[in-house]
Amino acid sequence: MNTRERKVVNAQITAIGKYLPEKVLDNKYFEQIVDTSDEWIRTRTGIVERRKLEEGGTSVLATRALENLMENSGLKPEEIDVIIVATVTPDMFFPATSCLVQDNVGAKNAWGFDLSGACSGFLFALKAGASLIQSGDYKKVVVIGADKMSSIVDYTDRTTCVLFGDAGAAVLLEPTEDLDYGIQDAILHCDGSGRDALYMAAGGSAMPASHETVDKRLHYIYQDGQRVFKVAVKGMADVSVEIMKRNNLTAEDVAYLVPHQANLRIISATANRMGISEDQVVINIDKYGNTTAATIPLGLADYYEAGKLKKGDKLILSAFGAGYTFGSVYLVWSMD
Ligand code: ACO
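Note that this is a predicted model, so its numbers are computed, not measured.

Asks: Is there a simple way to think about the site of the ligand in this case?
Replies: What surrounds the ligand is a group of 27 residues, the closest being Thr36, Arg44, Cys119, Gln226 and Asn263. Contact distances for the ligand include 2.7 Å between an oxygen atom and a side-chain N or O atom of Asn263. Protein coverage of the free-state accessible area of the ligand, which is 1000 Å², stands at 76%. Those elements that provide at least two residues to the shell around the ligand are α2 (38-45), α6 (158-161), α8 (225-246), α9 (264-274) and β12 (314-321). For the shell around the ligand, the residue count by class is twelve nonpolar, eleven polar and four charged. Structurally, the shell around the ligand is a two-domain feature, drawing no fewer than three residues from each of domain 1 (10-179) and domain 2 (183-332).

Dropping the structure here:
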């Protein structure tokens, strides 16, 4: 849709949906398959259980999340202009998962693309979607964060397999002329010097799949946990404090910090640096683990469903992930 008349608008979230696969893997399950304990996992990460998708790829998670959004809001598939899927676990390299979702829901007027930003993927996609709305060319942009982490987790590696789960969540962005609402600001970063701290070595063009890559288990997540932990604490806290300062926000002004859910200790350190209290922090890592691109929209969906998000609430969304990638988005919630 190309409108020649351009108005100054913000992008606001006007609908939300989520999907969690039924299969639950609790900490006891991991005690049976690797040398770990429920106590270690809870105290080091905050995770109690996570979900696993048993059939199909990330497009299933993304499609179900969008279907849930459409049920919640009455949005019709043909109304959708753009579908952006943030994921590091696309069904395949191509076609893009966004194409599969577009076809699955019958969004016959939409175009779309996948965006790879790891745990910061949803924030990157939110900014991209908001810019499309602000361009004036599009009125309804769906942004989905979805990852089937179980497809790249090595269930013989105790240092990573306990951390991740599968989920999808989606938001609808629409324009608002009331600039007090919607996405107000974003600070986003890449730092590729962290490329060797958290990655999946094989399967891409640099190291295509071969017998050797399979034998060496190179199609799974590798993480130097301690190294990532240190930079994640600093990166997420720094960028969250910076966005507060830049927008003259005090801790009392912030209704919620909505952080990426990788580790409860990283979340607490970020909240401390922002000076905000525990009850101002969206937390669901206990139930779902780290669902990569899905954590932040899933947090929004959970808290909105529970009646905890109110129109006018000032929210700081913050993430840190592979790349490194990191960033913060400041938005004013506009749904009743
Ligand atoms: N069960 C029992 N022991 C374990 C387990 C486990 N599941 N995992 C590791 N250990 C052991 C280690 O082997 C080590 O033992 P050792 O001392 O004998 O060598 C010991 O526990 C301590 O290991 P650390 O790695 O130092 O543990 P740490 O407290 O750092 O916790 C964790 C590890 C949870 C991974 C943490 O480092 C972390 O959260 N890192 C950051 C994760 C993150 O933010 N990732 C970015 C987002 S993800 C993305 O972008 C896809």
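Asks: Would you explain helix α4 (residues 97-105) in this entry?
Replies: Side chains three or four residues apart in an α-helix point the same way, a direct result of the helix having 3.6 residues per turn. Along α4, the residues classified as buried are Thr97, Ser98, Val101 and Val105. Seen along its axis, α4 keeps its buried residues to an arc of 100°; they face one direction. Summarising the contacts, the buried residues of α4 are in contact with α3 (58-73), β4 (82-86), β5 (111-115) and β6 (141-148). At the C-terminal side of α4, Gly106 shows a positive phi close to 75°.

Asks: Any chance you could explain the side chain of Asp81 here in plain terms?
Replies: As for its placement among the helices and strands, Asp81 is situated in the loop between α3 and β4. Lys140 provides the closest opposite charge to the buried, unpaired Asp81, separated from it by 7.2 Å. Here Lys139 takes part through its backbone nitrogen, which lies 2.8 Å from a polar atom of the side chain of Asp81.

Asks: Can you help me understand the domain arrangement of the chain in this one?
Replies: As a measure of interface size, the accessible area lost when the parts come together is often cited. What the domain assignment lists for the chain is domain 1 (10-179) and domain 2 (183-332). A separation of 14 Å is found between the C-alpha centroids of domain 1 and domain 2. Residue-level contacts link 47 residues of domain 1 with 48 residues of domain 2. Taking both partners together, domain 1 and domain 2 bury about 3800 Å²; carbon and sulfur atoms supply 66% of that area. Linking domain 1 to domain 2 there are three salt bridges.

Asks: Teacher, can you tell me more about the environment of Asp302 here?
Replies: Relative to the helices and strands, Asp302 resides in helix α11 (residues 295-305). Separated by 80 residues in the primary sequence, Asp302 and Tyr222 place their C-alpha atoms 30 Å from one another. Residues within four places of Asp302 in sequence aside, it is in contact with Lys18, Asn284, Lys287 and Tyr288.

Calculation notes
- Residues numbered from 1 in each chain as written.
- Predicted model: local features only at pLDDT ≥ 70, side-chain atom pairs only at ≥ 80, totals over all residues.
- Heavy atoms only, no water.
- Near = heavy atom within 4 Å.
- Polar contact = N/O pair within 3.5 Å; in protein donor to acceptor, adjacent residues only side chain to side chain.
- Areas by Shrake-Rupley, 256 points an atom, 1.4 Å probe, with all protein chains shown as cover.
- Helix = DSSP H or I, 4+ residues; strand = E, 2+ residues; numbered from the N terminus.
- Nonpolar A, V, L, I, M, F, W, Y, C, P; charged D, E, K, R; others polar.
- Domains from an automatic or database assignment.
- Buried < 20%, exposed > 50% of the residue type's maximum accessible area, 1.4 Å probe, protein only.
- Arc of directions from axis to C-beta.
- Contact = heavy atoms within 4.5 Å.
- Lys, Arg positive; Asp, Glu negative; His and termini not counted.
- Salt bridge = Lys/Arg side-chain N within 4 Å of Asp/Glu carboxyl O.
- Buried area = accessible area lost by both parts, 1.4 Å probe.

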